[in-house]
Amino acid sequence: MAEVAALTRPDAIHWCDGSDEESEALIAQMQADGTLLPLNAETNPGSWLHRSHPDDVARVEHLTFVCTREQADAGPNNHWMAPDEAHAKVDALFDGCMRGRTLYVIPYCMGPIDSPLSRCGVEITDSPYVVANMRLMTRMGADALARIEREGAFVKGLHSIGELDPERRFIMHFPEELTIKSYGSGYGGNALLGKKCHALRIASFQARNEGWLAEHMLIVGIENPQGETHYVAAAFPSACGKTNLAMLIPPEGYRRDGWKVWTVGDDICWMRPGADGRLYAINPEAGYFGVAPGTSAKSNPNALETIRKNTIFTNVGLTADEQPWWEGLDNGQQPATDWRGNAYDPDQGPAAHPNARFTVSAKQCPSWSPMAEDPQGVPISAIVFGGRRASLVPLVFEARDWTHGVLVGAAMGSETTAAATGAVGVMRRDPMAMKPFCGYNFADYFGHWLSFDKTGAKLPKVFHVNWFRKGDDGKFLWPGFGDNLRVLEWMIGRVKGEAGGVETPIGHLPTADALNLDGVTLSEEAKAKLFGFERTGWKAEFDSIGEYLDGYGPRMPQALRDEQQRIAGLLAD
Ligand code: OXD
Ligand code: MN
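Residues numbered from 1 in each chain as written. Chains lettered and ligands numbered in written order. Predicted model: local features only at pLDDT ≥ 70, side-chain atom pairs only at ≥ 80, totals over all residues. Heavy atoms only, no water.

K.L.:
I'm lost on the site of ligand 1 in this one. Help?
P.N.:
Inspection of the region around ligand 1 gives Arg59, Lys195, Lys196, His216, Ser238, Asp267, Phe289, Arg357, Ala419 and Phe437 as its neighbouring residues. Taking Ser238, its side chain carries an N or O atom lying 2.5 Å from an oxygen atom of ligand 1. Partitioned by chemical class, the residues of the shell around ligand 1 number 3 nonpolar, 2 polar and 5 charged. The two domains that each donate at least three residues to the shell around ligand 1 are domain 1 (2-35 + 58-211) and domain 2 (215-287 + 369-572). (Near = heavy atom within 4 Å. Polar contact = N/O pair within 3.5 Å; in protein donor to acceptor, adjacent residues only side chain to side chain. Nonpolar A, V, L, I, M, F, W, Y, C, P; charged D, E, K, R; others polar. Domains from an automatic or database assignment.)

Structure (structure tokens):
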């Protein structure tokens with residue numbers, strides 16, 4: 001801290017203890033300077049609106065760097081800069097940048113404070129908005145500091161909003177030094193360093209060295225009418241429905257029969273093998289930083305209930321009586337003010353920014369699982385990969401074994417979303433939804449995944465889903481949301497050896513009667529596309545997967561190439 005203060009020269013220094021008094025004082029200060037605007041106290045008690053700089057609304061992948069000593073260790077999947085050059089570049093920006101500001105020291109713990117799977121960090125920042133968000137998203141303050149003092153090890157994070165100038169913005173990671181330096185952005189994924197920078201990029205690197213996995217996955221518990229709970233971890237790219245699946249409400253008939261859904265996490269999952277050979281997972285986060293647009297009583301009633309109070313909204317619109325508003329909210333209200341603070345005019349774009357967010361404590365979620373606090377984590381029965389694929393990819397299929405499952409994850413493709421700056425709706429390979437977040441070479445990462453398949457391991461089954469398949473009319477074919485439980489039920493049936501599947505070259509698809517479709521009406525086209533296997537299209541897909549793997553050169557594990565070749569061979573028959 002002394003070194004940082006000497007470089008950044010703040011007017012004041014504040015060590016965060018995480019107390020209510022501290023939070024109240026910070027909020028009062030942010031209200032006074034306009035960083036936070038109070039929302040309607042009757043409809044949204046304890047809740048605030050923050051309007052970010054209009055050029056600072058999403059992650060900036062082109063300005064995000066992994067700075068390993070060897071460029072090949074960062075891999076073709078990351079932007080790379082030599083560590084010395086990166087430190088020099090960014091330190092020049094940090095020089096004197098906190099003059100006139102307060103430096104906040106945030107000790108935090110990712111994961112339950114007493115879990116052996118958790119890891120700590122310290123973020124130094126000049127943004128009280130970051131402090132308020134970190135307080136919701138992590139276990140922050142005195143307990144974390146005590147653990148850091150005990151362990152002596154932590155990830156060092158330095159953040160300044162700088163001038164919020166996109167030309168003076170860098171998100172730098174130094175995995176070999178367990179260090180992060182982020183300058184020039186106040187946006188969640190760039191500025192809340194516990195989240196993407198620590199819990200994914202740095203943690204994935206640490207996890208490889210220490211024999212665990214740090215993944216961009218939700219964790220959900222599915223309790224059947226017999227009272228058994230199976231935990232599922234699912235990787236979908238940003239803004240592809242992780243929060244919705246994690247908080248799913250079972251369809252009417254399932255509710256009546258006694259099915260329940262428990263939310264452990266909605267974005268990040270840290271997993272390691274337990275003594276019994278199964279993978280055990282914790283959610284390193286303590287809150288949700290969710291996408292607001294599209295969240296409604298239909299898509300995610302649990303999320304709506306979660307954010308009814310004590311929530312920070314960023315870049316949403318406002319109704320005339322200061323209630324938060326976003327596209328797709330469908331609550332009968334109308335926006336009066338847009339996310340920039342101007343009078344709402346539909347010709348000027350949406351009222352809420354498409355990547356508008358809510359930050360809220362996980363414990364406010366009606367489906368919050370108390371197992372989220374279990375230091376041992378929850379045993380994972382199934383791992384699910386999925387992306388936005390308008391064509392070709394069926395609703396669900398199961399990988400034949402772990403190696404095939406790793407290939408299914410490595411080959412994941414999805415259309416880009418507003419969670420990062422750049423074009424939206426462009427199909428790209430996003431292996432295991434980690435393209436923006438893996439802190440080292442993907443070839444080594446796939447090798448690390450393959451290494452879990454060893455004697456005594458009782459690994460989860462691996463599945464792929466696609467909720468986003470479209471018909472010839474361009475409309476989604478699967479109802480999604482609560483009805484996705486039907487697909488999860490099939491997966492659990494497969495895990496227990498009870499549900500039917502048909503073998504195809506790409507894996508097992510559900511047999512015609514294996515999925516419970518009571519109460520769902522699907523057209524013939526929908527059935528054919530959601531449950532069918534299109535050999536010609538898959539042949540082309542596998543050629544493209546082969547080219548993708550080849551792009552990593554000889555570092556790509558041979559076992560993964562062999563698996564791609566095996567399936568390409570089956571498709572050619
Ligand atoms: C997120 C993201 O904020 O993936 O979770 O962008
Ligand atoms: Mn995410």
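K.L.:
I tried to follow the coordination of the manganese ion (ligand 2) on my own but got confused; where do I start?
P.N.:
The reference angle at a metal is 109.5 degrees if four donors form a tetrahedron and 90 or 180 degrees if six donors form an octahedron. Each protein donor to the manganese ion (ligand 2) is listed here as Lys196 (NZ), His216 (NE2) and Asp267 (OD); together their distances run 2.2 Å. Written as a sequence motif, the donor residues of the manganese ion (ligand 2) are K-x19-H-x50-D. Of this pair, His216 sits in the loop between strand S12 (213-215) and strand S13 (218-223) while Asp267 sits in the loop between strand S15 (260-265) and strand S16 (269-273), and the two are 51 residues apart along the sequence. Look at Asp267 and you get buried, because its relative accessible area is 9%. (Donors = N, O, S within 2.8 Å, 3.2 Å for Na, K, Ca; no water. Helix = DSSP H or I, 4+ residues; strand = E, 2+ residues; numbered from the N terminus. Buried < 20%, exposed > 50% of the residue type's maximum accessible area, 1.4 Å probe, protein only.)

K.L.:
Mind showing me how you'd approach the packing of helix H12 (residues 402-410) against helix H13 (residues 442-450) here?
P.N.:
Contact geometry for H12 and H13: axes closest at 9 Å, N-to-C directions at 150°. Between H12 and H13, the crossing angle belongs to the class labelled roughly antiparallel. In terms of crossing hand, the pair formed by H12 and H13 is right-handed. Along the contact surface, H12 presents Trp402, Thr403, Val406 and Ala410, while H13 presents Phe446, Trp449 and Leu450. (Axes fitted to C-alpha atoms, helices over the stretch in contact; angles between N-to-C directions. Parallel < 35°, antiparallel > 145°, perpendicular 65-115°, else oblique. Left-handed = near helix turned anticlockwise from the far one by under 90°. Contact = heavy atoms within 4.5 Å.)

K.L.:
Honestly, the domain arrangement of the protein chain in this entry has me stumped. Any pointers?
P.N.:
Many analyses report the size of an interface as the accessible area lost when the parts associate. Assigned domains within the protein chain: domain 1 (2-35 + 58-211), domain 2 (215-287 + 369-572) and domain 3 (288-358). Once you take the C-alpha centre of each, domain 2 and domain 3 turn out to be 29 Å apart. With both sides pooled, the region where domain 2 packs onto domain 3 buries about 1100 Å², and carbon together with sulfur makes up 60% of that total. Taken as a group, Met247, Ala418 and Phe481 account for 42% of the area that domain 2 buries against domain 3, more than any other trio of residues on that side. Counting across the domain 2 and domain 3 interface gives 0 salt bridges. A class-by-class count of the residues in the side of domain 2 that touches domain 3 yields 7 nonpolar, 4 polar and 1 charged. (Buried area = accessible area lost by both parts, 1.4 Å probe. Salt bridge = Lys/Arg side-chain N within 4 Å of Asp/Glu carboxyl O.)

K.L.:
For this particular structure, what's the right way to read the layout of surface pockets?
P.N.:
Gaps left between atoms show up when a probe the size of a water molecule is rolled over them. Looking at the second largest pocket, its volume works out to about 430 Å³. Met1, Glu3, Val4, Ile124 and Lys156 are, among the 19 residues lining the second largest pocket, the residues nearest its centre. Among the elements of the structure, helix H1 (2-8), helix H4 (83-94), strand S7 (119-125), strand S9 (155-160) and strand S11 (179-183) are those that each provide at least two residues to the lining of the second largest pocket. Across the lining of the second largest pocket, the residue classes break down as 11 nonpolar, 3 polar and 5 charged. (1 Å grid on protein atoms, 1.4 Å probe; cavity = no way out; pocket = protein on both sides within 12 Å on 5 of 7 lines; lining within 4 Å. Points joined across faces, edges and corners; volume = space filled by probe spheres on them.)

K.L.:
Which parts of the structure should I look at to understand the UniProt feature "binding site: Mn(2+)" (unreviewed entry) in the protein chain?
P.N.:
Here, the residues flagged by UniProt with the feature "binding site: Mn(2+)" (unreviewed entry) are Lys196, His216 and Asp267. For the annotated residues, spread through 72 residues, the largest C-alpha to C-alpha distance comes to 9.6 Å, consistent with a single compact locus. Assignment of secondary structure puts Lys196 in helix H8 (residues 194-210). Ignoring anything within four residues of it in the chain, the contact list for Lys196 reads Arg59, Gly189, Arg201, His216, Asp267 and Phe437. According to the relative accessible area criterion, His216 is buried, its value standing at 1%. Here Lys242 takes part through its side chain, which lies 3.3 Å from a polar atom of the side chain of His216. (UniProt positions renumbered as here; feature names shortened; annotations may be inferred.)

K.L.:
I'm lost on the sheet that holds strand S22 (residues 357-361) in this one. Help?
P.N.:
One key point about sheets: their strands pair by backbone hydrogen bonds, in either a parallel or an antiparallel sense. Reading across from one edge, S2-S3-S19-S22-S18 is the order of the 5 strands in this open sheet, with mixed pairing throughout. In the strand order of this sheet, the two ends are held by strand S2 (37-38) and strand S18 (287-291), each with one partner. Bridge analysis of strand S19 (residues 312-314) against S22 gives 3 bridges, and the strand direction is antiparallel. Among the inter-strand pairings, Thr314 is bridged to a residue of S22, identified as Arg357. (Pairing = 2+ DSSP bridges.)

K.L.:
So what exactly am I meant to see when it comes to the nonpolar core here?
P.N.:
Generally speaking, a soluble globular protein has its nonpolar side chains buried in company with each other. Core analysis: the biggest nonpolar cluster contains 108 residues, and Ile383, Phe385 and Trp449 have the highest contact counts within it. Counting residues per element, this core draws most heavily on helix H5 (residues 128-137), which supplies 7 residues. Beyond its immediate stretch of four places on either side in the chain, Ile383 contacts Met217, Ala233, Met271, Leu279, Trp402, Trp449, Pro460, Lys461, Val462 and Phe463. (Core = buried A, V, L, I, M, F, W, Y, C linked by side-chain atoms within 4.5 Å.)

K.L.:
Quick question: what am I supposed to make of the side chain of Arg139 here?
P.N.:
Structurally, Arg139 is set in strand S8 (residues 139-140). Among the polar contacts made by the side chain of Arg139, one reaches the side chain of Glu373 at a distance of 3.3 Å.

K.L.:
What is the right way to look at the environment of Met98 in this model?
P.N.:
Looking at the secondary structure, you find Met98 in the loop between H4 and strand S6 (102-110). Sequence separation of Met98 and Ser127 is 29 residues, and the distance between their C-alpha atoms is 9.9 Å.

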